[in-house]
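Descriptive analysis of the structure
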Number of protein chains: 2
Amino acid sequence: MSYNKAPSITAETINPKVKIFNYEPCGEIVRHAERLQQEMDENPDSLPFPEVIQCNLGNPQVLGQRPITFFREVLCLCDNPDLLNKDEARALFSPCAIRRARRIINSVPGKDSGGYTSSRGIKSLRQAVANGISARDGYLSKPDDIFLTDGASAAVNTMMQILIRSHEDGILCPLPEYPLYSASIILHGGTMVPYNLTEDRGWGLQIFEVKRCLEEARSAGLTVRAMVVINPGNPTGQVLSITNQEEIVEFCRKEGLVILADEVYQDNVYVENKKFHSFKKVARSLGYDEKDLSLVSFHSVSMGFYGESGRRGGYMEITGFGDDVKRQIYKLASVTICPNIAGQILISLVMDPPKLGDESFETFEAEKEKIHSSFLKRAKTLEKAFSSLEGVSCNKIEGALYFFPRLHLPSLAIKTAESEGVSPDVFYTHRLLDATGIAVVPGSAFHQASGTIHIRCTILPDEDKIATMIPRLKAFHESFMNEFRGSEPYMNDLRR
Amino acid sequence: MSYNKAPSITAETINPKVKIFNYEPCGEIVRHAERLQQEMDENPDSLPFPEVIQCNLGNPQVLGQRPITFFREVLCLCDNPDLLNKDEARALFSPCAIRRARRIINSVPGKDSGGYTSSRGIKSLRQAVANGISARDGYLSKPDDIFLTDGASAAVNTMMQILIRSHEDGILCPLPEYPLYSASIILHGGTMVPYNLTEDRGWGLQIFEVKRCLEEARSAGLTVRAMVVINPGNPTGQVLSITNQEEIVEFCRKEGLVILADEVYQDNVYVENKKFHSFKKVARSLGYDEKDLSLVSFHSVSMGFYGESGRRGGYMEITGFGDDVKRQIYKLASVTICPNIAGQILISLVMDPPKLGDESFETFEAEKEKIHSSFLKRAKTLEKAFSSLEGVSCNKIEGALYFFPRLHLPSLAIKTAESEGVSPDVFYTHRLLDATGIAVVPGSAFHQASGTIHIRCTILPDEDKIATMIPRLKAFHESFMNEFRGSEPYMNDLRR
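Residues numbered from 1 in each chain as written. Chains lettered and ligands numbered in written order. Predicted model: local features only at pLDDT ≥ 70, side-chain atom pairs only at ≥ 80, totals over all residues. Heavy atoms only, no water.

An unreviewed UniProt entry annotates chain A as Alanine aminotransferase 2 originating from Panicum hallii.

Below, the structure is given as structure tokens:
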């Protein structure tokens, strides 16, 4: 399009903070997968695979996960409260969904679900969230510490906007990282202070490494304000040990850092020897209260066994900040007026699900258990399949919806990638997608350690899909390795 | 709360951009109204009025406006697509709502309503919005120019983030203004360049005044990037004449300014001699196309006859920007992943409502007409009541949901306010609220011209409420004027 002088906005003249950040999960590989899908829709036999399998995104319901019946019944009734008074509705909705929806609607200003709410969310729903947190942790949570939000990403953005004053403010973030954090820090004009997770120790966090990074940042003149911890981990799929969490709490308390705890995978843990513990619970167990530590916990309706990603619901629990800071957070939230009501309702249901005695309880438990045990099976199957590939090492999938295997590729593959002007992980993922229809994300999107090659893959495709996907993956990988092997030996022993 | 050294975040050490902006619609008067409401709930006879009437917020459904049946039926079915296959549902939902919900669900990735969507919104819904715009304007709208958003406020924030690089970038905004704009400009580090609307000319916009402000800003070294126009106007309730709109288009084209057109009140026009015309339609009618003018139009599900404010749905139509800029907007949108699905569905219904022949058509038209004609009556009644008050002048309420009358208060009232450390408008609104339960917003929240005193009042309370509210208002105002009159004469002739 050729412009005459008037329209002066081009990609060269927009806000440079927008221009420079990278956001690869929605980048080239996704677009390429979409193109292939479209090609396939138009001409089903044109490609060498039967379907595109999106292992690139943590998007449960698009990959076939069924929603929790009780949640949708309540949502549906709240959308159309007239149904609550109709006899015919009793044939379609469980009695406890009707009761819950009535209770919610009666607590909402205007007694319908279409008005603006308080910018921090409807009080009764914040109370439900606080009750759920109290029951989970065994420590009291207060509704006035809860802000309901349009998902966790919006909440993270709000906190970055509150904390970052200039590029001299640093935020500690794990590497490999979920790129929401770097994007949000850049957009708000701050500096990311990365600390490395240790792949050799199952992507564990080593506090001396965090301390090293903090000190380096401080000697470079940065004021480090907060430490981001993602537990269970994205993209790494690890679950922190409680000892590790205690070290983090002690460290942040001592150094005066806010803990920004991304706890959106709290219902996704797959190993017997580890459990999810919130950072608030760990801090309170150590005897630290609000005056000792500033802590923000993020949660959302997108993951877990609920997977209501597109609904955009979540909360942040803010403790250890003065009322004056909370008032500023409230004011900032009020610029976009309020979080969406369906998301508010859903997060209240996630934190306050049906109880024993409710008519929906057994169905709810069965649906939850079915999804959870399937995640467990899929995690094991995928971990085993990837670990069996030549030159691939894969840590245990302990939690979240992802794993982040490392690839040791032949040097000819690396050189070929270089000659094509792309990094080896991008080269591999494109080859994989073109040959098999399997879309995964190159590790560079998550700032993998330099000189290493990773991919992030989700465990979300259902068991049948995984069963058809694994032989395709194995065949591709074998042929890829053979193509580029040259005179190199087989790369089977990767124990480091 | 007393902190030891560790937690270092206080209101003094947060991002100063957050600290300095003002956002009064959610400010002190709202909190005070909430306190009174709570007092009344706990002790119904404790206050000298029977109820708190919220005339401070454009929040239709909380003030009793009924939602459009068809919209809620479709939303409800999309929340729980299992209903689409149940016979019992036919007794509860209209056939065309069932058809529409089925069409929507079939077009959504995963064929359910819980997954992440594209960051710009679901394609079929963007197509529905584009079709609605094309039908409204008589000029083609393309789905690739549409970004679905969590309401208009989120969209405005996105565009400010794109346009503003530093405090040397200016954005022209009307005064009195809807404070979203100043808040968003401050938060993104830019400079607001205010231009005055002319109260004497029914809050009309005079292009020579805008030009004067532009030139002043440029000589102060600012790069002015865009001009915000709110039409119909908030807080002023005016509707721009088409000649005025043409002048704005010519001016922005010539000066290379992006038009940021806040068109969220497009379905709220109450006068015979004016109609809503989108800026895009005006520009195209003048023969200007994409290469001549950069234009963003904002719309939402919050206002109009639909009033689904808490749902947070909206769109922006972006024309006259290159694909490279649109890619950056897409990337920015992807940081919060996607707009909420219920909001996406609702804005598609607003722009593509039932048509003649659909089973819901007559009900839909009747509901719409009932709300619209009631708005018309309320606007006339309130305009007449306020105009009849001593010392109050009130422009015609042409559109939107507000009016912004000017108060000429006795000098003793102004002095008393000063002695209490508040501005006269704040003094008046608090007195009004305490005496009558009527909550309105002081004009200073909207940056009224200095030396003037205004209040913003919505037309949203229903007709019965308005009928009981007016005698209370009149009695209060008379007694207020008498209390502060001293030796001043009656202030009846305000024609200027």
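Now, onward.
A tally of helices and strands in chain A yields 16 helices and 15 strands. The C-alpha atoms of chain A give 24 Å as radius of gyration, which agrees with the globular expectation for 496 residues (23 Å, within 12%). Principal axes of the C-alpha set define a box for chain A whose edges measure 70 × 65 × 60 Å. Sequence separation of 24 or more characterises 74% of the internal contacts of chain A that already satisfy a separation of 6 or more. When the 56 positive and 63 negative side-chain charges of chain A are each reduced to one mean point, those points stand 4 Å apart. (Helix = DSSP H or I, 4+ residues; strand = E, 2+ residues; numbered from the N terminus. Rg over C-alpha atoms; globule rule 2.2 N^0.38 Å. Contact = heavy atoms within 4.5 Å. Lys, Arg positive; Asp, Glu negative; His and termini not counted. Charge placed at Lys NZ, Arg CZ, Asp CG, Glu CD.)

Two side chains of opposite charge can pair, provided their charged atoms sit close to one another. Residue and element names in this part refer to chain B. Applying the stated criterion to the full structure yields 66 salt bridges over all chains. A salt bridge links Asp87 to Arg90; the nearest nitrogen and oxygen atoms lie 3.3 Å apart. Taken individually, Asp87 and Arg90 each receive the classification exposed, so the pair is uniform in this respect. The partner of Glu398 in a salt bridge is Lys274, and the shortest N-O contact between them spans 3.1 Å. Taken as a pair, Glu398 in the loop between strand 10 (392-393) and strand 11 (402-403) and Lys274 in the loop between strand 7 (258-262) and helix 10 (279-285) lie far apart in primary sequence, 124 residues in all. (Salt bridge = Lys/Arg side-chain N within 4 Å of Asp/Glu carboxyl O. Buried < 20%, exposed > 50% of the residue type's maximum accessible area, 1.4 Å probe, protein only.)

This paragraph deals with the environment of Gly304 of chain A. Residue and element names in this part refer to chain A. Topologically, Gly304 is positioned in the loop between strand 8 (295-300) and strand 9 (314-319). Along the backbone, Gly304 and Phe21 are 283 residues apart, and their C-alpha atoms lie at a distance of 28 Å. Non-local contacts of Gly304, meaning those with residues more than four positions away in its chain, are made with Gln65, Val264, Asp267, Asn268 and Phe375.

Contacts between the two partners involve 100 residues from chain B, matched on the other side by 99 residues from chain A. Together, the buried faces of chain B and chain A total about 8100 Å²; carbon and sulfur atoms form 55% of this surface. Taking the shortest distance from any N to any O, the salt bridge between Arg72 of chain A and Asp112 of chain B comes out at 2.8 Å. At the boundary of chain B with chain A, the tally comes to 41 residue pairs in polar contact (both at pLDDT 80 or more). It is helix 11 (residues 323-334) of chain B that contributes the most residues to the side of chain B that touches chain A, seven residues altogether. Taken together, the residues of the side of chain B that touches chain A break down into 48 nonpolar, 29 polar and 23 charged. (Buried area = accessible area lost by both parts, 1.4 Å probe. Polar contact = N/O pair within 3.5 Å; in protein donor to acceptor, adjacent residues only side chain to side chain. Nonpolar A, V, L, I, M, F, W, Y, C, P; charged D, E, K, R; others polar.)

Another aspect to go through is the relation of the copies chain B and chain A. Superposing chain B onto chain A requires a rotation of 180 degrees together with a translation of 0.0 Å along the rotation axis, leaving an RMSD of 0.0 Å. Put plainly, the chains are arranged around a two-fold axis. Identified as the residue of chain B closest to the rotation axis by C-alpha distance is Cys76 of chain B, at 2.3 Å. The overlap is high: 99% of the interface residues of chain B also sit at the interface in chain A, so the same surface is used on both sides. (Least-squares fit on C-alpha atoms with pLDDT ≥ 70 in both.)

With that out of the way, let us pick up empty space enclosed by the protein. As enumerated under the stated definition, the model contains five cavities of 30 Å³ or more in all. Put simply, the largest cavity is a space of about 910 Å³. Where the lining of the largest cavity is concerned, the elements lending two or more residues are strand 2 (146-149), helix 6 (151-163) and helix 11 (323-334) of chain A together with strand 2 (146-149), helix 6 (151-163) and helix 11 of chain B. Here the residues of the lining of the largest cavity sort into 23 nonpolar, 14 polar and four charged. (1 Å grid on protein atoms, 1.4 Å probe; cavity = no way out; pocket = protein on both sides within 12 Å on 5 of 7 lines; lining within 4 Å. Points joined across faces, edges and corners; volume = space filled by probe spheres on them.)

Residues and elements named next belong to chain A. Taken together, the three strands give an open sheet; going across it, the order is 11-15-14, and neighbouring strands pair in antiparallel fashion. Lying at the two open borders of the sheet, with one neighbouring strand each, are strand 11 (402-403) and strand 14 (441-442). Taken together, the two bridges between strand 11 and strand 15 (residues 455-458) define a ladder with antiparallel strand orientation. Within strand 15, the position partnered with Tyr402 by the bridge is Thr458. (Pairing = 2+ DSSP bridges.)

All names here are of chain A. The buried fraction of helix 7 (residues 180-187) amounts to seven of the eight residues, a majority that puts the element mostly inside the structure. All of the buried residues along helix 7 are Leu180, Tyr181, Ser182, Ala183, Ser184, Ile185 and Leu187. Just past helix 7, the residue Gly189 takes up positive phi, approximately 80 degrees.

What follows concerns the packing of aromatic side chains. Taken as a whole and assessed by the stated rule, the structure comprises 32 aromatic pairs over all chains. Both rings, one in Tyr270 of chain A and one in Phe375 of chain A, keep their centres 6.0 Å apart while their planes meet at 65 degrees; by these two values the pair is edge-to-face. Of the two residues, Tyr270 of chain A is situated in the loop between strand 7 (258-262) and helix 10 (279-285) and Phe375 of chain A in helix 13 (residues 361-387); the sequence distance between them amounts to 105 residues. Take Tyr270 of chain A and Phe375 of chain A: they sit in the same class, and that class is buried. With a centroid separation of 6.5 Å and 70 degrees between ring planes, the pair formed by Tyr178 of chain B and Tyr181 of chain B is classed as edge-to-face. For the pair Tyr178 of chain B and Tyr181 of chain B, one class covers both residues: buried. A network of ring pairs unites the aromatic residues Phe70, Phe71, Phe305, Tyr306 and Phe364 of chain A as a single cluster. Directly above the aromatic system of Phe147 of chain A lies the positively charged group of Arg120 of chain A, at a separation of 4.5 Å from the ring centroid. (Phe/Tyr/Trp six-rings, centres within 6.5 Å; stacked < 30°, edge-to-face > 60°. Lys NZ or Arg CZ within 6 Å of the ring centre and 35° of its normal.)

Residue and element names in this part refer to chain A. Its domain assignment divides chain A into domain 1 (16-64 + 366-484) and domain 2 (116-351). On a C-alpha basis, the centroid separation for the pair domain 1 and domain 2 is 28 Å. The interface is formed by 33 residues belonging to domain 1 together with 37 residues belonging to domain 2. For the interface between domain 1 and domain 2, the tally reads one salt bridge. At the junction of domain 1 with domain 2, the criterion picks out 17 residue pairs in polar contact (both at pLDDT 80 or more). Contributing elements (two or more residues each) for the side of domain 1 that touches domain 2: helix 1 (16-20), helix 13 and strand 11. Ranked by the residues each element gives to the side of domain 1 that touches domain 2, the list is headed by helix 13, at six residues. The residue makeup of the side of domain 1 that touches domain 2, split by class, is 19 nonpolar, eight polar and six charged. (Domains from an automatic or database assignment.)

For the rest of this paragraph, the subject is the nonpolar core. Grouped together as the largest cluster of nonpolar side chains are 244 residues, with contacts concentrated most on Met159, Leu260 and Phe386 of chain A together with Met159, Leu260 and Phe386 of chain B. In contact with Met159 of chain B, not counting residues within four places along its chain, are Leu260, Val296, Phe298, Met316, Ile318, Phe321 and Ile329 of chain B. In this structure, Leu222, Leu257, Leu293 and Val441 of chain A belong to the second largest nonpolar core, which totals 33 residues. (Core = buried A, V, L, I, M, F, W, Y, C linked by side-chain atoms within 4.5 Å.)

Let us look at the sheet that holds strand 5 (residues 204-205) of chain A. Residues and elements named next belong to chain A. Spatially, eight strands are ordered 2-9-8-7-6-3-4-5 in an open sheet, and the strand pairing comes out mixed. Strand pairing shows two members of the sheet lacking a second neighbour, strand 2 and strand 5, which therefore form its edges. Across four bridges, the pairing between strand 3 (residues 169-175) and strand 6 (residues 223-230) is parallel. When the bridges of strand 6 are listed, Asp169 appears paired with Thr223.

The subject of this paragraph is the UniProt feature "domain: Aminotransferase class I/classII large" (unreviewed entry) in chain A. UniProt tags residues 94-463 of chain A as "domain: Aminotransferase class I/classII large" (unreviewed entry). Between the C-alpha atoms that bound residues 94-463 of chain A the distance is 30 Å, and the span itself is 42% helix and 16% strand. (UniProt positions renumbered as here; feature names shortened; annotations may be inferred.)

You can see Lys280 of chain B is positioned in helix 10. With near-sequence residues (within four places) excluded, Lys280 of chain B lies in contact with Ile133, Asp137, Tyr139, Leu140, Ser141, Leu295, Glu317 and Thr319 of chain B.

A word on the pairing of strand 9 of chain A. Residues and elements named next belong to chain A. Within strand 9, six of the six residues are buried, which leaves it mostly tucked inside the rest of the structure. Here strand 9 shows a buried face lined by Gly314, Met316 and Ile318 and a second buried face lined by Tyr315, Glu317 and Thr319. Of the strand pairs in this sheet, strand 2 and strand 9 are connected by four bridges, and their pairing is antiparallel. Each bridged residue has a counterpart across the sheet, and for Phe147 the counterpart in strand 9 is Met316. Here strand 8 runs beside strand 9; their pairing, made up of six bridges, is antiparallel. For Val296, the partnering residue across the bridge sits in strand 9 and is Ile318.

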